[in-house]
Amino acid sequence: MATPSIAVARPAPSRFPRPGGARAFVERLRSGDEIAHLITLIFASTILFLTAWLVYELWVHSALPRQTFGLGFLTASTWDPVFEHFGALPFIYGTVVTSALGLLIAVPIGVGAAIFLAELAPHGISEALTFSIELLAAVPSVIIGLLGIFVLVPILRKVVEPFLKATLGFLPFFQGPAFGIGFLAAGLILAIMVVPFIISISRGILLAVPTEQREAALALGATKWESTWKVVVPYARTGIMGSVFLALARALGETMAVTMVIGNDPKISASLFAPGYTIAAAIANEFTEATGDLHLQALIELGLVLFFLTILINAFGRILILVTTRKGTSRE
Amino acid sequence: MATLQGMSAMEKTPTKMEPDEVSKPSNGRPQPKLLVSALNFFYGKRQALLDVTIQIPENRITGLIGPSGCGKSTFLRTLNRMYEIVPHARAEGRIELDGQNLMELDAMEVRRRVGMVFQKSNPFPKSIFDNVAFGLRVNRIVRRGELHEAVERSLRRAALWDEVKDSLHDSAYKLSGGQQQRLCIARALAVDPEVLLLDEPCSALDPIATAKIEELLFGLKKLCTVVLVTHNMQQAARVADVTGFFLLGRLIEFNTTEVIFKTPASRQTEDYITGRFG
Amino acid sequence: MSPRLVWRKSVSVMMLSLTGVCALAGVSVLLFILGYLLWYGGKYINWDFVTQLPKPVGETGGGMANAIVGSAKLLLLAALTGVPVGFFGGVYLSEFGGKTFAFLVRYTTDLLNGVPSIVMGIFAYTVVVLPMRHFSTLAGGLALGVMMIPIAVRSTEEFLRAIPTALREGALALGASKWKTIVKVVIPAAAGGIVTGIMLDLARVAGETAPLIFTSFNNRFWSSGWNQPIASLPVMIYTYALGPYDDWHRQAWAAGLILLLLVLAANIVARTVLARRSTAREM
């Protein structure tokens with residue numbers, strides 16, 4: 001589903017009265033209630049089991065590089081399948097740089113659009129625009145990548161990168177030959193992919209800000225913008241941060257579109273024009289070509305790193321959203 | 001208070017004022033601070049106020065009473081043009097603030113001059129200091145160096161200073177309900193409004209907190225004109241100098257509080273204040 | 001008006017207009033993607049494309065019939081594995097769940113939803129491809145199926161919860177047992193929403209590429225069985241887009257258009273149904 005599920009786990013009151021006692025139990029057993037309970041419980045437990053199994057598989061199948069390289073795996077910067085030297089740093093660097101760049105572009109646009117949709121646009125227009133933005137979130141990653149290589153990359157190579165070089169070329173980020181493919185392209189693609197998430201979640205959080213807050217500011221003579229920027233947005237700040245973390249988790253794990261435009265070169269370069277590599281792209285590209293066990297397991301260990309990174313950021317983002325939506329008007 | 005007595009309407013619809021009578025108050029009597037004539041108000045097609053005409057005297061507490069849904073809160077929101085944030089809301093008629101047409105002034109300017117305190121206390125999730133300073137900062141009323149002084153003055157006026165002077169930079173949410181409401185009053189007072197509108201400010205408070213706010217209101221009328229909407233008749237009887245009774249969007253009767261509660265002219269007013277209403 | 005007020009009001013108008021520009025930017029990206037694919041992909045879609053197999057490398061023409069059928073087979077497998085777990089899990093959370101255990105299940109589901117799709121691919125690889133020693137349709141279907149679980153669980157739970165307690169009490173008062181009430185009253189009442197939620201879920205995994213490239217892999221021919229590699233639209237788009245031939249690029253555009261239209265159509269239908277249901281409930 002394209003709408004990010006921001007529902008957060010909460011305790012659920014039982015909808016049915018549940019008499020106790022052994023006789024009642026036998027009664028329920030005969031009526032089939034306990035059997036139905038058991039069947040659904042088994043399926044629910046499957047989810048826990050699958051998640052545990054997933055972690056176990058990743059852990060067991062990455063034992064070899066963990067024994068060989070230890071923590072050095074995360075800090076070494078050579079990735080050479082021929083000599084079997086595997087260091088993940090270039091991938092971690094590429095993942096962090098492209099995600100940061102993506103957020104740098106996506107957050108202002110996303111929050112701005114969310115403000116427009118929640119505070120300004122009339123209800124009907126807001127619903128229609130939100131609908132299309134959620135459709136944008138549903139566009140498959142491989143299609144964004146397709147447009148990335150055939151439309152975005154040529155524009156970057158011919159127009160944007162020469163322009164940046166001419167104007168901001170004194171900065172280390174904007175030096176070197178303009179390939180088109182590289183960190184900049186990947187960052188832009190990621191921005192397009194996470195913007196719908198930021199808009200959709202932030203809009204919901206802004207809409208949940210009590211009207212009294214806006215009234216209080218306006219009644220003091222504040223303009224619409226002052227009320228929005230100095231009162232409504234600060235009120236929703238934690239929740240918006242939460243949406244940014246969810247977007248970050250998504251950007252870190254995004255595979256196909258990035259693989260198609262980043263250039264796939266395990267190098268650490270300061271220039272955003274240079275080709276690079278991300279964790280997810282490395283797994284996607286090298287998995288079927290991995291020759292030795294060590295290479296394959298090093299790729300699985302990359303997957304393990306990515307798993308923990310995204311899970312942590314995701315969990316943190318959800319907590320932030322939970323905290324904001326529970327905040328009351330008068331007292332905490 | 002001859003003017004007020006003259007204004008009390010015997011009919012359901014208050015008599016309209018002659019323009020001359022309105023603009024030239026007699027000497028020695030309270031000046032009308034706000035002057036509303038033939039105000040009609042609509043939410044889309046539904047009419048919420050019918051032909052309301054009223055003079056709100058300066059430096060007095062005006063109480064507005066009536067059953068819920070009678071239009072008293074809507075009326076209050078026309079006085080600082082807060083109704084404009086509701087889509088499809090529309091006001092017709094004339095409202096004058098010191099003789100100036102309120103509708104022709106700038107809405108932000110009006111709201112700075114006519115402050116408002118809401119039913120539910122609504123401090124911003126900021127520190128106590130920043131709450132009070134908010135209006136001063138956006139309106140740039142005082143210079144940076146005088147900000148602290150102005151905040152202190154407002155908190156003293158709202159009788160909150162002694163309770164919070166050591167915790168100015170704590171979150172406003174740490175205050176009790178009554179303190180939060182007084183903080184909202186201090187925040188509204190900080191920009192030196194000429195009129196202060198209070199929309200059932202004590203409806204969520206306990207009797208002790210309510211008593212504190214009522215006490216504070218007596219002091220406030222020296223500083224500004226106070227308009228208090230309440231569904232609590234005892235409160236109106238205790239604090240208001242003049243009282244208006246609203247029913248179904250009409251101003252039924254407007255007179256000194258004493259007259260309203262002792263010898264109301266209208267049968268409907270009498271039914272309401274004696275609890276026989278409905 | 002004072003100059004300061006004029007300034008403040010101009011800032012307000014300017015900044016609020018900027019937020020409008022941001023919103024328009026978001027929407028225009030969607031319109032651009034859709035327009036570009038319609039224009040470019042539309043030119044290369046023909047009858048051969050949907051009925052023919054890919055031509056040998058270097059020859060032009062041919063189609064992606066095997067990839068279209070392959071995607072359908074993978075989705076069928078995904079639904080068979082993911083939907084039962086998601087559906088019954090959702091029923092448990094809504095109807096039977098206690099406090100602690102249900103909280104644990106819910107939280108884990110949310111976390112599972114955040115696992116990158118490529119990691120799901122690794123999982124399917126280690127549990128199916130490694131033991132079988134070759135890529136297979138089963139492995140791809142399993143990867144997509146696991147990806148479907150979180151949203152299936154949460155949307156089933158949400159729709160069941162939306163059924164008013166009065167309806168359950170009514171059935172219980174007639175002497176129906178709890179599970180009969182759930183099966184005969186609660187689930188039928190929520191069925192429309194649950195099916196729509198699963199449709200959105202399928203639309204999401206239909207476009208997934210990352211978990212397929214090393215599980216179901218690719219196949220230039222018709223797949224001969226469930227334990228053989230199989231072609232799918234997303235993997236075809238990926239392979240053809242990065243390939244060196246112009247004819248491949250054209251086919252990638254055509255396949256992209258087909259995939260995009262399928263995914264968007266499923267989304268629009270499902271969301272319209274959901275929106276209509278929720279307004280009906282409000283009235």
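Residues numbered from 1 in each chain as written. Chains lettered and ligands numbered in written order. Predicted model: local features only at pLDDT ≥ 70, side-chain atom pairs only at ≥ 80, totals over all residues. Heavy atoms only, no water.

Let us now look at the overall build of chain B. Looking only at helices and strands, one finds 12 helices and 10 strands in chain B. Here chain B holds 278 residues, and the buried ones make up 57% of them. Considering only contacts in chain B between residues 6 or more positions apart, those separated by 24 or more positions represent 68%. Accessible surface, chain B: about 12,000 Å² in total, of which carbon and sulfur atoms supply 48%. (Helix = DSSP H or I, 4+ residues; strand = E, 2+ residues; numbered from the N terminus. Buried < 20%, exposed > 50% of the residue type's maximum accessible area, 1.4 Å probe, protein only. Contact = heavy atoms within 4.5 Å. Areas by Shrake-Rupley, 256 points an atom, 1.4 Å probe, with all protein chains shown as cover.)

Let's shift gears to the interface of chain C and chain A. With 94 residues of chain C at the contact, the number on the chain A side is 87 residues. Run the count over chain C and chain A and you get two salt bridges. Glu226(A) is the salt-bridge partner of Arg8(C), the closest N and O atoms lying 2.8 Å from each other. For the interface between chain C and chain A, the tally reads six residue pairs in polar contact (both at pLDDT 80 or more). Broken down by class, the residue content of the side of chain C that touches chain A amounts to 60 nonpolar, 20 polar and 14 charged. (Salt bridge = Lys/Arg side-chain N within 4 Å of Asp/Glu carboxyl O. Polar contact = N/O pair within 3.5 Å; in protein donor to acceptor, adjacent residues only side chain to side chain. Nonpolar A, V, L, I, M, F, W, Y, C, P; charged D, E, K, R; others polar.)

Quick look at a nonpolar patch on the surface now. Residue and element names in this part refer to chain A. Taken together, Phe49, Trp53, Tyr56, Trp59 and Val60 make up a surface patch of nonpolar side chains, about 540 Å² in accessible area. Relative to the assigned elements, Trp59 resides in helix H2 (residues 33-60). Look at Trp59 and you get partly exposed, because its relative accessible area is 45%. (Patch = residues over 30% accessible without salt bridge, like charges linked within 9 Å, V, L, I, M, F, W, Y side chains within 5 Å.)

The subject of this paragraph is the packing of helix H6 (residues 137-161) of chain C against helix H8 (residues 178-206) of chain C. Residue and element names in this part refer to chain C. For the pair H6 and H8, interaxial distance at closest approach is 9 Å and the crossing angle is 150°. In terms of orientation, H6 and H8 fall into the roughly antiparallel class. At the point where H6 passes H8, the crossing takes the right-handed sense. Residues Leu144, Met147, Met148, Ile151, Ala152, Ser155, Thr156, Phe159 and Leu160 of H6 form the contact with H8, whose own contacting residues are Val186, Ile187, Ala190, Gly193, Ile194, Gly197, Ile198, Asp201, Leu202, Arg204 and Val205. Per-class residue counts for the contact of H6 with H8 are 14 nonpolar, four polar and two charged. (Axes fitted to C-alpha atoms, helices over the stretch in contact; angles between N-to-C directions. Parallel < 35°, antiparallel > 145°, perpendicular 65-115°, else oblique. Left-handed = near helix turned anticlockwise from the far one by under 90°.)

Glancing now at the sheet that holds strand E5 (residues 100-101) of chain B. All names here are of chain B. The strand order E2-E1-E4-E5 describes an open sheet built from four strands, whose pairing is antiparallel. With partners counted over all chains shown, the strands left at the sheet margins are strand E2 (46-57) and E5, one partner each. Bridge analysis of strand E1 (residues 32-43) against strand E4 (residues 89-97) gives eight bridges, and the strand direction is antiparallel. Within E4, the position partnered with Phe42 by the bridge is Arg90. (Pairing = 2+ DSSP bridges.)

Residues and elements named next belong to chain B. Using the criterion set out here, one finds 32 salt bridges over all chains in the structure. We note a salt bridge from Glu84 to Arg111, for which the minimum N-O separation is 3.7 Å. Placement of Glu84 in the loop between helix H3 (72-79) and E4 and of Arg111 in helix H4 (residues 107-113) is noted, with a sequence separation of 27 residues between them. Taking the relative accessible area as the measure of exposure, Glu84 reaches 34% and is therefore partly exposed. One salt-bridge network, held together by shared partners, links Lys33, Glu58, Asp98, Arg113 and Glu194.

Attention now moves to the nonpolar core. Membership of the largest hydrophobic core comes to 174 residues, with the highest contact counts inside it found for Ile143(A), Leu206(A), Phe287(A), Leu302(A), Ile33(C), Ile118(C) and Phe214(C). Among the elements that take part in this core, helix H8 (residues 183-207) of chain A stands out by supplying 15 residues, more than any other. Each of domain 1 (22-67) and domain 2 (71-326) of chain A gives at least three residues to this core. Setting aside chain neighbours within four positions, we find Ile33(C) in contact with Leu136(A), Val139(A), Ile143(A), Ile144(A), Leu147(A) and Leu260(C). Counting 38 residues, the second largest nonpolar core, distinct from the first, contains Val117(B), Ala133(B), Val151(B) and Leu175(B). (Core = buried A, V, L, I, M, F, W, Y, C linked by side-chain atoms within 4.5 Å. Domains from an automatic or database assignment.)

So, on to the environment of Thr78(B). Residue and element names in this part refer to chain B. Inspection of the secondary structure puts Thr78 in helix H3. A residue is classified by how much of its surface remains accessible, and Thr78, at 0% relative accessible area, is buried. When sequence neighbours within four positions are dropped, the list of residues in contact with Thr78 reads Leu39, Phe41, Leu49, Tyr83, Ile95 and Leu102. Within the structure, Thr78 has its side chain in polar contact with the backbone oxygen of Phe75 (distance 2.5 Å).

What follows deals with the packing of aromatic side chains. For the structure shown, the criterion picks out 33 aromatic pairs over all chains. Between Phe32(C) and Tyr36(C), the ring centres sit 5.5 Å apart and the planes meet at 40°, which makes this aromatic pair tilted. In this pair, Phe32(C) and Tyr36(C) both sit in helix H1 (residues 3-44), four residues apart, roughly one turn of the helix. A connected cluster of aromatic rings, assembled from ring pairs, spans Phe69(A), Phe73(A), Trp79(A), Phe86(A), Phe91(A) and Tyr277(A). Over the ring of Trp59(A) we find Arg66(A), and its NZ or CZ is 3.6 Å from the ring centre. The ring centre of Tyr40(C) lies 5.0 Å from the NZ or CZ of Lys43(C), which sits over that ring. (Phe/Tyr/Trp six-rings, centres within 6.5 Å; stacked < 30°, edge-to-face > 60°. Lys NZ or Arg CZ within 6 Å of the ring centre and 35° of its normal.)

So, about helix H8 (residues 177-189) of chain B. The terminal C-alpha atoms of H8(B) lie 19 Å apart, and with 13 residues this matches the ideal 18 Å at 1.5 Å per residue to within 8%. Across the 13 residues that make up H8(B), a large majority, 13, are buried. (Expected span 1.5 Å × (residues − 1).)

Our focus in this paragraph is the environment of Phe87(C). All names here are of chain C. Relative to the assigned elements, Phe87 resides in helix H3 (residues 65-96). Taking the C-alpha atoms as reference points, Phe87 and Ser155, separated by 68 residues in sequence, lie 8.8 Å from one another. Ignoring anything within four residues of it in the chain, the contact list for Phe87 reads Thr156, Ile187 and Ile194.

Let's shift gears to the domain arrangement of chain A. All names here are of chain A. Looking at chain A, the domain boundaries give domain 1 (22-67) and domain 2 (71-326). Contacts between the two partners involve 11 residues from domain 1 and, on the opposite side, nine residues from domain 2. When the two sides are added together, the surface that domain 1 and domain 2 hide from each other amounts to roughly 940 Å², 78% of it contributed by carbon and sulfur. On inspection of domain 1 and its partner domain 2, the count reaches zero salt bridges. On inspection of domain 1 and its partner domain 2, the count reaches two residue pairs in polar contact (both at pLDDT 80 or more). Here the side of domain 1 that touches domain 2 takes five residues from H2, the largest share from any one element. For the side of domain 1 that touches domain 2, the residue count by class is eight nonpolar, two polar and one charged. (Buried area = accessible area lost by both parts, 1.4 Å probe.)

All names here are of chain B. Of all five residues that make up strand E8 (residues 225-229), five are buried, and the element is covered over most of its length. Judged by which residues are buried, E8 turns out to be covered on both faces: Thr225, Val227 and Val229 on one side and Val226 and Leu228 on the other are all buried. Where strand E7 (residues 195-199) meets E8, five bridges bridge the pair, whose relative direction is parallel. Bridge assignment links Leu197 to a residue of E8, and that residue is Val227.

With 22 residues of chain A in contact, the opposing surface of chain B contributes 29 residues. Between chain A and chain B lies a buried interface of about 2,100 Å² when both sides are counted; carbon and sulfur atoms form 62% of it. Together, Glu215(A), Ala219(A) and Leu220(A) form the three largest contributors to the area buried by chain A at its contact with chain B, with a combined 29%. The interface formed by chain A and chain B holds two salt bridges in total. Considering every element that reaches the side of chain A that touches chain B, the biggest residue donor is helix H9 (residues 211-219) of chain A, with seven residues. Classifying every residue of the side of chain A that touches chain B gives nine nonpolar, six polar and seven charged.

Turning our attention to the pairing of strand E3 (residues 61-65) of chain B. Residue and element names in this part refer to chain B. Burial within E3 is extensive, with five of its five residues counted as buried. Bridge analysis of E3 against E8 gives four bridges, and the strand direction is parallel. Note on E8: the bridge partner recorded for Gly63 is Leu228. Pairing of E3 with strand E9 (residues 242-247) involves four bridges; the strand directions are parallel. Bridging from a neighbouring strand, Ile65 pairs with Phe245 of E9.

This part covers the sheet that holds E3(B). Think of a sheet as strands paired side by side through backbone hydrogen bonds, with each pair either parallel or antiparallel. Residue and element names in this part refer to chain B. Pairing is mixed across the open sheet formed by six strands, whose spatial order is E6-E7-E8-E3-E9-E10. Each end of this open sheet is capped by a strand with a single partner; those strands are strand E6 (114-117) and strand E10 (250-256). Averaged over all pairs of adjacent strands, the angle between their axes in this sheet comes to 20°, without regard to strand direction. H8 contacts E6 and E7 of the sheet and is inclined by roughly 170° relative to E6.

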